[in-house]
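Structure at a glance
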Amino acid sequence: MIGEVTGIRKIRMLYLQLLYRCNFTCLHCFHGKRLQYADAFTAEEAASLLTLMRDEYGTEAVTLLGGEPFVHRDLPRVVRHAKEELGQRVEICTNGYRIERRLTEIAPHVDMLRVSLEGVGTTNDGIRRQGSYQSALNSLSLSRDLGVSTGATMTVTSRNIDEVLPLARVLAQLGVRQLKLHHLRPVGNAADHPELLVTAPSAYGRLRGELASVDLPLEVIVDEDLSEHGAPQVCAPSDGPREIDRIEADPRGALTMSCKAVGKDAHAFWYEKAKGRIVHKPSATDELALAVPDVVYGRA
């Protein structure tokens, strides 16, 4: 269905939000009230979508996220299906809070564990949850010891923009290979915390200058949105792209192709779980917006 409407023939990666439920209520979470929703993929529904994407669009990799994927009771089944049955690269995005037992169980089937952090020590805990910083570091250390590559994400806010480099150095000491920096969008919980927004765009310019001027011990990937002029709106050409990097499925089955649509109900395609098919549901807000390129600093 996506191919017939858009001309897209290949989608390299599926970002699969398994559920909304989470053991955190982070101040900046784009899900907002949806954290309380019961929508979730069953193991069978997740496996069906993964297989469909592999067979119809050549999808090579999956990133499992939520909510918090480690609170999904069937996470091991989904991971094993993606890795053993489909041969896909498997990445999990997590808050890293008390996941040691389950991580040890699924480690042989995981290619990368990516933990979310919002700064060093109390800066992180003030945004996420008390005790979450040390728990996240513990999970990264365990992942390293289990032979699973590690990465991290950080949403840049007014509270933590000065802690990007200090956090990068802490992560490098734990063997973390990559830190992704995301732009804060005023949706979900962030809409209730405008104080977290970076109101001076020049601050992004200073951050980029710092990243470019130091010898970083790990790779830092920066959203193009984190610039003084913001990111351009990149949409599909009139004759349609043939290949895109990613598509994201939320726990209801709504599909989006750009992080700009995250937290909004602007979805042209839906995965109907009961029927195992993707359908086109055009709306007044339809627009095939694609993600813009990131900027990379430091070591690959």
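Described below are features of the structure shown in this document. (Residues numbered from 1 in each chain as written. Predicted model: local features only at pLDDT ≥ 70, side-chain atom pairs only at ≥ 80, totals over all residues. Heavy atoms only, no water.)

1. Examining the overall build of the chain
Scanning the chain for helices and strands turns up eight helices and twelve strands. Long-range contacts, defined here as pairs at least 24 residues apart, represent 73% of the contacts in the chain between residues at least 6 apart. When the accessible surface of the chain is totalled, it reaches about 13100 Å², and 49% of it is carbon and sulfur. (Helix = DSSP H or I, 4+ residues; strand = E, 2+ residues; numbered from the N terminus. Contact = heavy atoms within 4.5 Å. Areas by Shrake-Rupley, 256 points an atom, 1.4 Å probe, with all protein chains shown as cover.)

2. A word on the pattern of salt bridges
Inspection of every chain in the model, using the stated rule, returns 15 salt bridges. The salt bridge partner of Arg-89 is Glu-91, with a shortest N-O separation of 3.4 Å. Here Glu-91 falls in the buried class, since its relative accessible area comes to 6%. Between Arg-185 and Asp-225 there is a salt bridge, with the nearest N and O atoms lying 3.0 Å from each other. Placement of the pair is Arg-185 in the loop between strand S6 (178–183) and helix H8 (202–213) and Asp-225 in the loop between strand S7 (219–222) and strand S8 (243–249), with a sequence separation of 40 residues. Judged by relative accessible area, which is 19%, Arg-185 ranks as buried. Three or more residues joined by partner-sharing salt bridges are found here, namely Glu-44, Asp-74 and Arg-77. (Salt bridge = Lys/Arg side-chain N within 4 Å of Asp/Glu carboxyl O. Buried < 20%, exposed > 50% of the residue type's maximum accessible area, 1.4 Å probe, protein only.)

3. Details of the side chain of Ser-132
As for its position among the elements, Ser-132 is in helix H6 (residues 132–145). Every residue in contact with Ser-132, bar those within four places of it in the chain, is listed here: Phe-24, Tyr-97, Asn-124 and Asp-125.

4. Regarding the nonpolar core
Counting 71 residues, the largest nonpolar core has Ile-2, Leu-16, Leu-64, Ile-92, Leu-181 and Leu-211 as the members making the most contacts within it. When residues in this core are grouped by element, the largest group, seven residues, is from helix H2 (residues 43–57). Ignoring any residue separated from it by four or fewer positions in sequence, one finds Ile-92 in contact with Leu-64, Pro-69, Phe-70, Leu-75, Val-79, Ile-106, Val-110, Met-112, Leu-113 and Arg-114. (Core = buried A, V, L, I, M, F, W, Y, C linked by side-chain atoms within 4.5 Å.)

5. A look at H6
The terminal C-alpha atoms of H6, which comprises 14 residues, lie 20 Å apart, in line with the 20 Å expected from a rise of 1.5 Å per residue. For H6, the complete set of buried residues consists of Ser-132, Tyr-133, Ser-135, Ala-136, Leu-137, Ser-139, Leu-140, Ser-141 and Ser-143. Buried residues along H6 sit against helix H4 (100–106), strand S4 (112–116), helix H5 (122–127), strand S5 (149–156) and helix H7 (164–173). With its phi angle positive at about 85°, Gly-147 sits one or two positions after the end of H6. (Expected span 1.5 Å × (residues − 1).)

6. Let's talk about H8
An α-helical turn contains 3.6 residues, so any two residues separated by three or four positions project in the same direction. For H8, built from twelve residues, the straight-helix expectation of 16 Å at 1.5 Å per residue is met to within 8% by its first-to-last C-alpha distance of 17 Å. Restricting attention to buried positions, one finds in H8 the residues Ala-203, Tyr-204, Leu-207, Arg-208 and Leu-211. Axial view of H8: buried residues confined to an arc of 140°, hence all on one face. Summarising the geometry of H8, the exposed residues directed more than 90 degrees from the buried face are Arg-206, Ala-212 and Ser-213. (Arc of directions from axis to C-beta.)

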